[in-house]
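# Understanding the architecture of this molecule
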Amino acid sequence: MTAVEICAVVLAAGEGSRLRPLTERVPKALCPVGNVPLLDRVLTRLAGIDLTGTSRVAVNASSLAEQVIAHVGDRAHRSVEPDGPLGTAGGLAKLRDWIDGRGVLVGNADAYLADPDRPPGPDIAALLHDWDGETVRLLGQPAVNPTAPGTFDGHAFTGFSLLPWRRVRHLPLEFGDLVRTVWRPAEAAGELTVVPYPGTFYDTGTPADYLTANLHAAGGDSLVDPTALVTGPCRSAVIGAGARVHGAVTGAVVWPGATVGAEEHVQNAIRAGTDLTVVVSEPTTAGNV
């Protein structure tokens, strides 16, 4: 795929402020999509291109870090930012000694990707194909507005980037983002390439996108964990492990262990526990962004 030695860093330190109050209970990286924590989706994708284990994959954590660290276990090297998230650039700087001269595949934990033609891993393999270890590559999709701020060569970023060691080694150990410290400088130098992603992408950072990603993962039907107890009607819903659903659920997500009472109708919303419902004001339709 590439002759350059590669490691991977999964960025899972974000506070998930736009998903509050859900992320006051569970870190954004562990929020389930299609009954699979987002972080596990990234680790599975990396395993699909033979990136596994503590020597080749690192995960950073800050907000509710103890949950992330416990969930990762020995599947990856763990980097904790105890004084608050260092941002996408600072998080890499803290891992400088672990990266140690290698190219870095950086994945956002909140990126939901799904390609109908390729399984996780092979769906992003083009990002690494014949890489020379010198340029920056971003995974992207054509933007609705190709000239909008935040686009690269008319594309919107879709969660993964590939960075050479020479652009990582001098990142300062302070809060910073990769856009300003790496991507834009590489673009200005003519050393940035966008690799198109042909599938579906959501960043899941807002309740609307998070809900839509779940409904996409359900494939237009209801996805019910085998350990859930469902006695009420469900349509286009995702029901998590150990949930108890006695009322109606429509176009919604019920988190693991959550409860929907017999007189309730949870619609276009996310239910957590017995007392938290985050309603999405506009109906969502799964599809490409």
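Predicted, not measured: the structure shown is a model, and the values here were computed from it.

Among the nonpolar cores identified, the biggest contains 69 residues, and Leu-105 and Trp-255 are the most heavily contacted of them. Membership of the second largest hydrophobic core comes to 26 residues, among which are Phe-152, Phe-157, Val-168 and Val-194.

With that settled, consider the sheet that holds strand 21 (residues 269-272). In spatial order, the strands read 12-15-18-21-22; together these five strands make up an open sheet with mixed pairing. At either end of the open sheet lies a strand with only one pairing partner, and these are strand 12 (223-224) and strand 22 (276-279). Across the sheet, helix 6 (residues 207-217) lies against strand 12, strand 15 (238-239), strand 18 (253-254), strand 21 and strand 22, angled at about 90° from strand 21, the strand it touches most.

Before going further, it helps to spend a moment on the packing of aromatic side chains. Taken as a whole, this structure holds three aromatic pairs when the rule is applied. For the ring pair Tyr-112 and Tyr-202, a centre distance of 6.4 Å and an interplane angle of 25° mean the geometry is stacked. A residue pair is termed long-range when its members are at least 10 positions apart, and Tyr-112 in strand 7 (residues 112-114) and Tyr-202 in strand 11 (residues 200-202) qualify at 90 residues. Assigned by exposure class, Tyr-112 and Tyr-202 land together as buried. Clustering of aromatic rings is evident, with ring pairs tying together Phe-152, Phe-157 and Trp-183. Of note, Arg-102 hangs over the ring of Trp-98, and the distance from its end group to the ring centre comes to 4.7 Å. One Lys or Arg, Arg-184, reaches over the ring of Phe-152 and ends 3.8 Å from the middle of that ring.

Turning next to the sheet that holds strand 14 (residues 234-235). With parallel pairing, three strands are arranged side by side in an open sheet as 14-17-20. Each of the sheet's edge strands pairs with one partner strand only, and the pair in question is strand 14 and strand 20 (265-267). The sheet contact formed by strand 17 (residues 248-250) and strand 20 spans three bridges and is parallel. Bridge pairing in strand 20 links Thr-250 to Gln-267.

Here the largest pocket defines a volume of roughly 750 Å³. In this structure, the largest pocket is lined by 24 residues; those nearest its centre are Leu-11, Lys-28, Thr-88, Asn-108 and Asp-110. Mapped onto the lining of the largest pocket, the elements with two or more residues apiece are helix 3 (87-94), strand 9 (155-163) and helix 5 (178-188). Of all the elements, helix 5 adds the most residues to the lining of the largest pocket, at three residues. Among the residues making up the lining of the largest pocket, the classes are represented as 13 nonpolar, six polar and five charged.

Criteria and thresholds
Residues numbered from 1 in each chain as written. Predicted model: local features only at pLDDT ≥ 70, side-chain atom pairs only at ≥ 80, totals over all residues. Heavy atoms only, no water. Core = buried A, V, L, I, M, F, W, Y, C linked by side-chain atoms within 4.5 Å. Buried < 20%, exposed > 50% of the residue type's maximum accessible area, 1.4 Å probe, protein only. Pairing = 2+ DSSP bridges. Helix = DSSP H or I, 4+ residues; strand = E, 2+ residues; numbered from the N terminus. Contact = heavy atoms within 4.5 Å. Axes fitted to C-alpha atoms, helices over the stretch in contact; angles between N-to-C directions. Phe/Tyr/Trp six-rings, centres within 6.5 Å; stacked < 30°, edge-to-face > 60°. Lys NZ or Arg CZ within 6 Å of the ring centre and 35° of its normal. 1 Å grid on protein atoms, 1.4 Å probe; cavity = no way out; pocket = protein on both sides within 12 Å on 5 of 7 lines; lining within 4 Å. Points joined across faces, edges and corners; volume = space filled by probe spheres on them. Nonpolar A, V, L, I, M, F, W, Y, C, P; charged D, E, K, R; others polar.

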